[in-house]
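Residue-level structural notes
Next come the chains, spelled out residue by residue.
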Amino acid sequence: MVLIGGWWALTEGDRAGLAFGVPVVLLALFTSVCLPSPRAPRWSPLGLLRFMRFFLAGSLRGGLDVAHRALAPRLPISPVIIRFAPRLPAGPARHLFIGAMNVMPGTLSVDIEVDHLDIHVLVDGGDELARQLRALEEHIARALGERLECPRA
């Protein structure tokens, strides 16, 4: 009834719209019944607090590092794009990961694919950078009650 009422409101009660509206409403109803409902994240209050602490500490550390590099020209800035295979499943958890990574100083996603992210970094930290990104994933997984997947090859 809600879908029919919505269609009726969109057509301003014009009965001529019913010839097109009824099949569209029935198709929308059929589709909504057949498709699986998305699973709502299972927020963990303790995991969320740990994620916030990790994120704030990482942001502060990264911000100080970027400021230091900007003010001290002898420190290296060697921008590079790295490829990272996320372990978080596609959806809200991965979106939070990308958003959190983008606001941390020195990193910015430049290309998002199903099986990898291309990330622009100011200094290629090698294994240390990968360790930090994996730690960010783990904190988000615990905060949202998600399971980490094996990275795709």
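An account of the accompanying structure is given in this report.

So, about the sheet that holds strand 2 (residues 107-112). One open sheet accounts for three strands, arranged 1-3-2; its pairing is antiparallel. The open sheet has two free edges, formed respectively by strand 1 (80-84) and strand 2, since each of these has just one partner strand. Within the sheet, the average angular offset between the axes of one strand and its neighbour, ignoring direction, is 30 degrees. Bridge count for strand 2 against strand 3 (residues 117-121) is five bridges, and the pairing is antiparallel. Each bridged residue has a counterpart across the sheet, and for Ile112 the counterpart in strand 3 is Leu117. Seen against the sheet, helix 4 (residues 92-103) touches strand 1, strand 2 and strand 3 and runs at an angle of roughly 140 degrees to strand 2.

This brings us to the side chain of Thr107. You can see Thr107 is positioned in strand 2. For Thr107, the side chain forms a polar contact with the main-chain oxygen of Met101, separated by 2.6 Å. Looking at Thr107, its side chain comes within polar contact range of the main-chain oxygen of Met104, at 3.2 Å. Setting aside anything within four residues of it in sequence, one finds Thr107 in contact with Met101, Asn102, Ile119, His120, Val121 and Leu129.

The next thing to look at is the packing of aromatic side chains. Inspection of the entire model under this criterion finds two aromatic pairs. Arranged with centres 5.7 Å apart and planes meeting at 25 degrees, the rings of Phe84 and Phe97 form a pair that is stacked. Placement of the pair is Phe84 in strand 1 and Phe97 in helix 4, with a sequence separation of 13 residues. Pair check on accessibility: Phe84 and Phe97 agree, each one buried.

The rules we used
- Residues numbered from 1 in each chain as written.
- Predicted model: local features only at pLDDT ≥ 70, side-chain atom pairs only at ≥ 80, totals over all residues.
- Heavy atoms only, no water.
- Pairing = 2+ DSSP bridges.
- Helix = DSSP H or I, 4+ residues; strand = E, 2+ residues; numbered from the N terminus.
- Axes fitted to C-alpha atoms, helices over the stretch in contact; angles between N-to-C directions.
- Contact = heavy atoms within 4.5 Å.
- Polar contact = N/O pair within 3.5 Å; in protein donor to acceptor, adjacent residues only side chain to side chain.
- Phe/Tyr/Trp six-rings, centres within 6.5 Å; stacked < 30°, edge-to-face > 60°.
- Buried < 20%, exposed > 50% of the residue type's maximum accessible area, 1.4 Å probe, protein only.

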